Amino acid sequence: SWETLSSDYVKVAEGTFSDDSTIDFASTMFDNSSYMNYDFFLEAQHHNSTQSGNGELRFIDSSGSVIGSGTTSGNDIDMNSSSGSVNGSDRDNTDSTIFYRDGFRDNKGLYHFTIQGLGRAEEKCGFGHTVRANHDGSTRARTSWYSMYVNNDSATGWGLRFQWGAGVTGQYKVYGRK
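Here goes a summary of the coordinates provided.

What counts, and at which threshold
Residues numbered from 1 in each chain as written. Predicted model: local features only at pLDDT ≥ 70, side-chain atom pairs only at ≥ 80, totals over all residues. Heavy atoms only, no water. Helix = DSSP H or I, 4+ residues; strand = E, 2+ residues; numbered from the N terminus. Polar contact = N/O pair within 3.5 Å; in protein donor to acceptor, adjacent residues only side chain to side chain. Contact = heavy atoms within 4.5 Å. Core = buried A, V, L, I, M, F, W, Y, C linked by side-chain atoms within 4.5 Å. Buried < 20%, exposed > 50% of the residue type's maximum accessible area, 1.4 Å probe, protein only. Salt bridge = Lys/Arg side-chain N within 4 Å of Asp/Glu carboxyl O.

1. Observations regarding the side chain of threonine 130
Structurally, the position occupied by threonine 130 is in strand 8 (residues 124-134). At 3.0 Å, the side chain of threonine 130 forms a polar contact with the side chain of arginine 132. If we ignore the near neighbours within four places in the chain, the residues touching threonine 130 are Phe99, Tyr100, Leu110, Tyr111, Arg142, Thr143, Ser144 and Tyr146.

The structure is reproduced here in structure tokens:
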């Protein structure tokens, strides 16, 4: 028999973007929320076959401005399928964390991020991973794992910005978990 699904995991937003280098999720989506965590799923494609650079995840205030330096620390680990080498890096007391390194190309990539603390008066912690084609080889996979900690405990006024090195086109879905 069919049963009603739990409302403990709910889609709170979905949409598309076209040739945007920043994808913003406004603080009003999270302010005074009852969700413990949010899961972000983005599918993005760049339209240049050799785009280099890093992607950064930043917090933005209710006006869309970056919250500022000294709030965020993070780590990331990146791997390229052609070499098997693993590279790690860290950022301390900055305004962002890196969610991919060394670019991407005109193939779709998957970007996933989970964060706790949005909409609640507590520090924010998050982690995620990405999988995409390397910017200089369409059959070479780039995989990144990353995490972040934010030392501000405001309950309102915190949105998120995914910032790419250039314009991307794709879609997103955001889920809340109680």
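Structure's up, so let's keep going.
2. A closer look at the nonpolar core
It is characteristic of soluble globular proteins that their nonpolar side chains tend to be buried jointly. Ranked by internal contacts, the top residues of the largest apolar core, which has 29 residues, are Phe40, Leu42, Phe113, Phe162 and Trp164. Those elements giving two or more residues to this core turn out to be strand 1 (9-25), strand 2 (37-46), strand 3 (55-60), strand 6 (96-100), strand 7 (108-116), strand 9 (137-150) and strand 10 (159-177). Considering every element that reaches this core, the biggest residue donor is strand 10, with six residues. Leucine 42 has contacts with Phe17, Ile23, Gly109, Leu110, Tyr111, Phe162, Trp164, Gln171 and Tyr172, leaving out every residue within four places of it along the chain.

3. Some thoughts on the pattern of salt bridges
Taken as a whole and assessed by the stated rule, the structure comprises 10 salt bridges. Between arginine 161 and aspartate 24 there is a salt bridge, and its shortest N-O distance comes to 2.7 Å. On the criterion of sequence distance, the pair formed by arginine 161 in strand 10 and aspartate 24 in strand 1 is long-range, its members being 137 residues apart. Judged by relative accessible area, which is 13%, arginine 161 ranks as buried. Judged by relative accessible area, aspartate 24 falls into the partly exposed class, the value being 37%. For lysine 108, the salt bridge is made with glutamate 43, and the minimal N-O distance between the two is 3.5 Å. Residue lysine 108 is located in strand 7, and its partner glutamate 43 is located in strand 2; the two are separated by 65 residues in the primary sequence.

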